[in-house]
Amino acid sequence: MLLAFDAISTIPPDVYFDTTRCAFTYLLPKFLLPNCKMGCYVHYPTILTDMPKMVYSRCPRYDHLSTVSRRPFYTAIKLMYYTWFAVVYGAMGSLSDLMLVNSTRTFGKIALLWSFNGCLGSFFPNKPIFK
């Protein structure tokens, strides 16, 4: 957030384009620079809708340690955090005017989180452009 604030306050952009999955920075140009257009490229969402479901099931995995899954209190805290994070991430992502994704799979995951009303495009960077 500090880096984004420093960047837009030093040289206010006409277009703010994020490729770092930092959807929380979208607040700054949207409200500090109302005429600034905003876009993003999402290769993979920061949080998935599967994550809270996995915590709720209390099944240990590489990203959900057994020390947390065995304790209902820790599970409840993690579930609240994931739910809050998903809601806020979705609200921030919805501020973008243009969204590019790398696949229909990524689009499907983003569509579950963001209530996106802007322009959408698919971009496949893993395909060779030049031969």
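Please read these numbers as outputs of a predicted model, since none were measured by experiment.

Caption draft 1: Structural context of the packing of aromatic side chains. One pass over the structure, following the stated rule, counts 8 aromatic pairs. Relative to Y89, the ring of F85 has its centre 6.3 Å away and its plane inclined at 15°; by these criteria the two rings are stacked. Note that F85 and Y89 are positioned in helix α5 (residues 72-93) at a spacing of 4 residues, about one turn of the helix. Residue F85 shares its accessibility class with Y89, and that shared class is buried. Through a chain of ring-to-ring contacts, the aromatic side chains of F24, Y81, Y82, W84, F85, Y89 and W114 assemble into a single cluster.

Caption draft 2: Broad picture of the environment of K30. The topology assignment puts K30 in helix α2 (residues 27-32). Under the relative-accessibility criterion, K30 is labelled partly exposed at 25%. Placed 67 residues apart in sequence, K30 and D97 show a C-alpha to C-alpha distance of 9.9 Å. Once residues lying within four places of it in the same chain are set aside, the contact partners of K30 are M38, L95 and D97.

Caption draft 3: Molecular detail of helix α6 (residues 104-113). Taken together, the buried positions of α6 are occupied by T106, K109, I110 and L113. For α6, the buried positions fall inside an angular range of 95° around the axis, keeping them on one side. The exposed residues of α6 that point more than 90 degrees off its buried face are T104 and L112. Structurally, α6 contributes buried residues whose contacts are with β2 (37-42), α3 (50-57), α5 and β3 (98-101).

Caption draft 4: Region of the structure containing the pairing of strand β1 (residues 15-18). Side chains Y16 and D18 of β1 all project onto a buried face; the interleaved residues V15 and F17 project onto a face where none is buried. Tracing the backbone out of β1, into α2 and back to the parallel element β2 gives a crossover that is right-handed.

Caption draft 5: Looking closely at the pattern of salt bridges. Inspection of every chain in the model, using the stated rule, returns 1 salt bridge. In this structure, the salt-bridge partner of D97 is K30, at a minimum N-O distance of 3.2 Å. Linking D97 in the loop between α5 and β3 with K30 in helix α2, this pair joins segments that are 67 residues apart in sequence. You can call D97 partly exposed: its relative accessible area is 26%.

Procedures and definitions
Residues numbered from 1 in each chain as written. Predicted model: local features only at pLDDT ≥ 70, side-chain atom pairs only at ≥ 80, totals over all residues. Heavy atoms only, no water. Phe/Tyr/Trp six-rings, centres within 6.5 Å; stacked < 30°, edge-to-face > 60°. Helix = DSSP H or I, 4+ residues; strand = E, 2+ residues; numbered from the N terminus. Buried < 20%, exposed > 50% of the residue type's maximum accessible area, 1.4 Å probe, protein only. Contact = heavy atoms within 4.5 Å. Arc of directions from axis to C-beta. Right-handed = clockwise from strand over helix to strand, strands pointing away. Salt bridge = Lys/Arg side-chain N within 4 Å of Asp/Glu carboxyl O.

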